[in-house]
Amino acid sequence: MAAKPFASSADLAEKTETLEILADGVYALTAEGDPNVGAIEGEDFLVAFEARATPVAAREWLDRLREHTGKPVRYLVLSHYHAVRVLGASAFDADVIITHENTRKLIAERGKQDWDSEYGRMPRLFKEPQSIPGLTWPDVTFSDRLAIDLGGDRGELVLQYCGRGHTAGDIVAWLPRQRVLFAGDLVEAQAAPYTGDAFHTDWSTGTLDRVKAFEAEVLVGGRGVVPRGRDAVDAAIEQTRNFLKVMLDKVGAVHARGGTLKEAFHATHEALAPQYGRWPIFEHCLPFDVQRLWDEFDGIDWPRIWTADRDREVWNQLQGA
Ligand SMILES: [Zn+2]
């Protein structure tokens, strides 16, 4: 059997991007499993949610958005620190970039290594990588909740930390009036969750409980389709939770009996593949996901830093022929 190509390095086919209008002045751009982005209109300004991997990739999204609104971007909200979400920030010309305080800490601690790691894993997303001016830094951070008044009768946009999950610093953006939730990578709809920097137990319990408690009618996850309606929203949250619970169960059992990381990987792969194996980035994510959870069972609370070299080591160990 030939070795699988590293991560998403062989995924070079362009995806079809769809601009979806979720409510009056509320937009998402979905892309068949590539990272989703969004925007919310205030009375005389825009809030952008996520920035894409490069300014050139971000500009393609902004060009689509400009067919609907010409308002300037006052706030750019970044749900977490991952490079494919943040390094295109300069294209937005935002007055204020907002993240959770832990995201600032993660950018300072590992932003450069993460940039190199993600570029190696997902080169297609990095359109014209030389257009990236450097790391993206927030202007404003918060620890629990931050509300933006959208002006007029548009209500507010609530930025909320729901606990540790996909990373230590994920935030969601909630429109109470329109009942639309931008969940970042805390929820994926028909795309495999990446958990290489995650806190599996927190995420699969209290954090997803808090996400579910919004009772959103429309949810924009980090990747995949936009579920509409309460049942579809809850189903996407539970699919994500189930993925994490199966991982906890399988990796936990192998770890407890003194097995190996590779055994844990195969047990998890076998358990998840029937339901999730055909979803985007499943094969790409799983080695990194299992390695991180193995570390958690080893008692490593703060995720180890992924580097381009460590990525290849783990990949060759677990996905090698
Ligand atoms: Zn992420």
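For the structure itself, consult the block above.
Residues numbered from 1 in each chain as written. Predicted model: local features only at pLDDT ≥ 70, side-chain atom pairs only at ≥ 80, totals over all residues. Heavy atoms only, no water.

Peer 1: So what's going on with the sheet that holds strand β8 (residues 145-149)? Residues and values would help.
Peer 2: Strands pair in a sheet through their backbones, by hydrogen bonds, and they do so in one of two ways: parallel or antiparallel. Strand order in the open sheet made by the 5 strands is β8-β9-β10-β11-β12, with mixed pairing throughout. What marks the edges here is a single partner per strand, and that holds for β8 and β12 (218-221). Within the sheet, the average angular offset between the axes of one strand and its neighbour, ignoring direction, is 15 degrees. Two strands pair when backbone bridges link them, and β8 and strand β9 (residues 156-161) are joined in this way by 5 bridges, in the antiparallel orientation. Across the sheet, leucine 146 pairs through a bridge with leucine 159, a residue of β9. (Pairing = 2+ DSSP bridges. Helix = DSSP H or I, 4+ residues; strand = E, 2+ residues; numbered from the N terminus. Axes fitted to C-alpha atoms, helices over the stretch in contact; angles between N-to-C directions.)

Peer 1: With reference to specific residues and values, describe the coordination of the zinc ion.
Peer 2: Protein coordination of the zinc ion is provided by His80 (NE2), His82 (ND1), His166 (NE2) and Asp185 (OD), with donor distances spanning 2.1 to 2.3 Å. Seen from the zinc ion, its 4 donor atoms lie at angles of 90 to 177 degrees, and the figure they make is irregular. Donor residues for the zinc ion, ordered by position in the chain, follow H-x1-H-x83-H-x18-D. (Donors = N, O, S within 2.8 Å, 3.2 Å for Na, K, Ca; no water. Tetrahedral: all angles 85-135°; square planar, octahedral: opposite > 155°, others 65-115°.)

Peer 1: Could you give me a rundown of the packing of aromatic side chains, with the residues and numbers involved?
Peer 2: Scanning all chains against the criterion turns up 11 aromatic pairs. Ring geometry for phenylalanine 6 against tryptophan 315: centres 5.6 Å apart, planes inclined by 75 degrees, an arrangement best described as edge-to-face. In this pair, phenylalanine 6 sits in the segment before β1 (18-23) while tryptophan 315 sits in helix α8 (residues 308-319), placing the two residues 309 residues apart along the sequence. With respect to class, phenylalanine 6 is no different from tryptophan 315; both count as buried. Note on phenylalanine 288 and tryptophan 306: the rings are 5.1 Å apart at their centroids and 80 degrees apart in plane angle, and the pair reads as edge-to-face. You can see phenylalanine 288 sitting in helix α7 (residues 282-297) and its partner tryptophan 306 sitting in the loop between α7 and α8, a full 18 residues away along the chain. (Phe/Tyr/Trp six-rings, centres within 6.5 Å; stacked < 30°, edge-to-face > 60°. Buried < 20%, exposed > 50% of the residue type's maximum accessible area, 1.4 Å probe, protein only.)

Peer 1: Mind laying out the layout of surface pockets, listing which residues take part and the relevant values?
Peer 2: There is about 270 Å³ of room inside the largest pocket. Top contributing element to the lining of the largest pocket by residue count: α7, with 3 residues. (1 Å grid on protein atoms, 1.4 Å probe; cavity = no way out; pocket = protein on both sides within 12 Å on 5 of 7 lines; lining within 4 Å. Points joined across faces, edges and corners; volume = space filled by probe spheres on them.)

Peer 1: Can you tell me about the environment of methionine 122, naming the residues and giving the values?
Peer 2: Inspection of the secondary structure assignment puts methionine 122 in the loop between α3 (101-121) and β7 (140-142). Residue classification places methionine 122 among the buried residues on the basis of a relative accessible area of 9%. Here the alpha-carbon distance between methionine 122 and alanine 53, two residues 69 residues apart in the chain, equals 9.7 Å. Look past the residues within four positions of methionine 122 in its chain and what remains in contact with it is Ser8, Val84, Arg223 and His284. (Contact = heavy atoms within 4.5 Å.)

Peer 1: I'd like a rundown of α8, residues and numbers included.
Peer 2: End to end, α8 covers 16 Å across 12 residues, agreeing with the expected 16 Å (1.5 Å per residue, within 8%). All of the buried residues along α8 are Arg310, Asp311, Val314, Trp315, Leu318 and Gln319. Angularly, the buried residues of α8 cover 130 degrees about the axis, an arc narrow enough to put them on a single face. Exposed residues pointing more than 90 degrees away from the buried face of α8 are listed as Asp309, Glu313 and Asn316. Buried positions along α8 lie against α3, α6 (261-276) and α7. (Expected span 1.5 Å × (residues − 1). Arc of directions from axis to C-beta.)

Peer 1: A description of the nonpolar core should follow, citing residues and the corresponding values.
Peer 2: If you look at the biggest cluster of nonpolar residues, it comprises 29 residues, and the most contacted ones within it are Trp61, Leu65, Leu76, Leu87, Phe92 and Phe126. Counting only elements with at least two residues in this core, the list comes to β2 (26-31), β3 (34-41), β4 (46-49), α1 (55-65), β5 (73-77) and α2 (83-86). The element best represented in this core is α1, accounting for 4 residues. Beyond its immediate chain neighbours, meaning those up to four positions away, phenylalanine 92 contacts Ala48, Glu50, Ala51, Ala58, Trp61, Leu62, Val73 and Leu76. Ranked by size, the runner-up nonpolar core spans 28 residues in total, among them Phe6, Ala7, Phe282 and Val290. (Core = buried A, V, L, I, M, F, W, Y, C linked by side-chain atoms within 4.5 Å.)

Peer 1: If you had to explain the pairing of β4 to someone new, which residues and values would you point to?
Peer 2: The alternating pattern of β4 places Leu46 and Ala48 on one face and Val47 and Phe49 on the opposite face, and all of these are buried. In this sheet, β4 lies alongside β3 in antiparallel orientation, the contact comprising 4 bridges. What sits directly across from alanine 39, in β4, is alanine 48. As consecutive antiparallel partners, β3 and β4 are separated by 4 residues. As paired strands, β4 and β5 are joined by 4 bridges and run parallel to one another.

Peer 1: Which residues make up α7, and what values do they have?
Peer 2: Taking 1.5 Å per residue as the helical rise, α7 with its 16 residues ought to reach 22 Å, and the 22 Å between its terminal C-alpha atoms agrees with that figure. Taking burial as the measure, the 16 residues of α7 include 13 buried ones, the bulk of the element.

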